[in-house]
Amino acid sequence: MTDLDALVPNLPVFEPGTVWLVGAGPGDPGLFTLAGLQAMRQADVIVHDALVGDGVMALAPPGTERDYAGKRGGRPSHSQADITERLIAHARAGKRVLRLKGGDPFVFGRGGEETLALAAAGIRFHIVPGITSGLAGLAAASIPATTRGTNHAVILMTGHPAAGAEGPAASHADWPAFAATGAPLILYMAMTHLDAIARRLLEGGMAPDTEVAVVTDATTPRQRVLVARLDTCAAEVAAAAMKAPAIVAIGSIVGLRAALAPFAIGPDAVEPGSGA
Ligand SMILES: C[S@@+](CC[C@H](N)C(=O)[O-])C[C@H]1O[C@@H](n2cnc3c(N)ncnc32)[C@H](O)[C@@H]1O
């Protein structure tokens, strides 16, 4: 028994011919779970996404087969159908298949689709959750997701129109209805349509001076944070040349950062107007 076995005694046996969907967390290898690491050490093949941090991949034993299934990084894009077929093929070949996904597999990670496909193919699976970037991104930017007296709810949502959605960009969600809840919005995949999303929220009655935080590459050495008003955030993000992956937080919780960030230990911030 290794030290790691003792630390994660309740992990099921990783059987050949099964698929484990494992959350890699937001990027920092220190935020990868012990259960994920233990599974990684037993896997025959790791089918990994683009957003899995290099530091997490570096934890894989050197001899483990790697099968890149990402959708960015200049490499050919893989369709979701292609990825699920590969998972099924690896499992049917009798391998222990580790499907490694950024953040948490079941939060905007297509883990639902993949497990449904595995179930339909009669392949057994196990889920190892990960820390989702929406929450890790807030923490890394000194923004508490909930604070008594500030908010009693947060809404995690995507800013990316679902494939096949009808209508103009960002019309996949009822933004005015979300604005009306008063709950902070934590947006994944919102960079492409940030301008349209901000406009829809303003049309829905959200105040122009509502604070917005944009956290790119959260928890990595490349992390950047920008705080802006809702009515100017898209222009400021463009001026600062900030790029995905990013978490966009909108609402009252962002204001807490001003008091906390000066005392927080972590990567530097990018403040509005710095142009950095
Ligand atoms: C397809 S979703 C996957 C989300 C993932 N399953 C999770 O739980 O974090 C990809 C989006 O997650 C967000 N994301 C993932 N890693 C991030 C990071 N390190 N910093 C900021 N945003 C991140 C970005 O919004 C990115 O476009």
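Residues numbered from 1 in each chain as written. Predicted model: local features only at pLDDT ≥ 70, side-chain atom pairs only at ≥ 80, totals over all residues. Heavy atoms only, no water.

*Asks:* Tell me about helix α8 (residues 194–203), residues and numbers included.
*Replies:* In an α-helix there are 3.6 residues to a turn, and that puts residues three or four apart on one side. Considered for burial, the residues of α8 that qualify are L194, A196, I197, A198 and L201. Buried positions along α8 lie against α7 (175–181), β7 (185–188), α9 (233–239) and β10 (246–250). Note on α8: the residue one or two positions beyond its end, G205, has a positive phi of about 105 degrees. (Buried < 20%, exposed > 50% of the residue type's maximum accessible area, 1.4 Å probe, protein only. Helix = DSSP H or I, 4+ residues; strand = E, 2+ residues; numbered from the N terminus. Contact = heavy atoms within 4.5 Å.)

*Asks:* So what's going on with unusual backbone geometry? Residues and values would help.
*Replies:* What you tend to see is this: most non-glycine residues have negative phi, and most peptide bonds are trans. Of the consecutive residues A244 and P245, the connecting peptide bond is found in the cis state with omega at 5 degrees. Topologically, P245 is positioned in the loop between α9 and β10. Phi is positive for M189, close to 50 degrees, though the residue is something other than glycine. By the secondary structure assignment, M189 is in the loop between β7 and α8. Looking at M189, the relative accessible area reads 40%, which means it is partly exposed. In the Ramachandran plot, D217 falls in the positive-phi region, its phi being about 50 degrees despite a non-glycine side chain. Relative to the assigned elements, D217 resides in the loop between β8 (211–216) and β9 (224–229).

*Asks:* Describe the environment of T2, naming the residues involved and giving the relevant values.
*Replies:* For T2, the location among the structural elements is in the segment before α1 (3–7). Along the backbone, T2 and Q38 are 36 residues apart, and their C-alpha atoms lie at a distance of 9.9 Å.

*Asks:* Explain the pattern of salt bridges to me, using residue names and the numbers behind them.
*Replies:* Side chains that carry opposite charge are capable of pairing whenever their charged atoms lie near each other. Evaluation of the coordinates by the stated rule reveals 13 salt bridges. Among the salt bridges present, the one from R200 reaches E203, with a minimum N-O distance of 3.8 Å. Of this pair, R200 and E203 both sit in helix α8, 3 residues apart, which is roughly one turn of that helix. R200 sits in the partly exposed class, given a relative accessible area of 24%. The class for E203 is exposed, based on a relative accessible area of 60%. Note that R229 is salt-bridged to D231, the shortest N-O span being 2.8 Å. Relative accessible area serves as the criterion here: at 39%, R229 is assigned to the partly exposed category. It is possible to trace a salt-bridge network through shared partners that takes in D49, R99, K101 and E114. (Salt bridge = Lys/Arg side-chain N within 4 Å of Asp/Glu carboxyl O.)

*Asks:* Any chance you could break down the environment of I265 for me, citing the residues and the numbers?
*Replies:* In this fold, I265 is placed in the segment after α10 (257–260). I265 gets classed as exposed once you look at its relative accessible area, which sits at 89%. Spatially, the C-alpha atoms of I265 and A140 are 9.3 Å apart, while their sequence positions differ by 125 residues.

*Asks:* Could you give me a rundown of the sheet that holds β9, with the residues and numbers involved?
*Replies:* A sheet is described by the order of its strands in space; here 5 strands give the open sequence β6-β7-β10-β8-β9, paired in mixed fashion. The open sheet has two free edges, formed respectively by β6 (155–158) and β9, since each of these has just one partner strand. The sheet shows a mean angle of 20 degrees between the axes of neighbouring strands, taken without regard to direction. The sheet contact formed by β6 and β7 spans 4 bridges and is parallel. (Pairing = 2+ DSSP bridges. Axes fitted to C-alpha atoms, helices over the stretch in contact; angles between N-to-C directions.)

*Asks:* Lay out the site of the ligand in plain terms, naming residues and giving numbers.
*Replies:* Residues in contact with the ligand amount to 18 residues; listed here are only the nearest, P26, V107, T132, S133 and A246. Residue P26 places a main-chain N or O atom 2.8 Å away from a nitrogen atom belonging to the ligand. Between the ligand and the protein, one listed contact pairs an oxygen atom with a backbone N or O atom of A246 at 2.7 Å. Across the complex, the protein chains shield 90% of the 570 Å² of accessible surface that the ligand would expose by itself. Taken together, the residues of the shell around the ligand sort by class into 11 nonpolar, 5 polar and 2 charged. (Near = heavy atom within 4 Å. Polar contact = N/O pair within 3.5 Å; in protein donor to acceptor, adjacent residues only side chain to side chain. Areas by Shrake-Rupley, 256 points an atom, 1.4 Å probe, with all protein chains shown as cover. Nonpolar A, V, L, I, M, F, W, Y, C, P; charged D, E, K, R; others polar.)

*Asks:* Tell me about helix α5 (residues 111–120), and please be specific about residues and values.
*Replies:* Every buried residue of α5 is accounted for by G111, E114, T115 and L118. In a view along the axis of α5, the buried residues occupy a sector of 95 degrees, so they form one face of it. In this structure, α5 carries L116 and A120 as exposed residues pointing more than 90 degrees from its buried face. Lining the buried residues of α5 we find β1 (19–23), α4 (80–92), β4 (97–101) and β5 (125–128). Just downstream of α5, G122 is the residue with a positive phi angle, here 75 degrees. (Arc of directions from axis to C-beta.)

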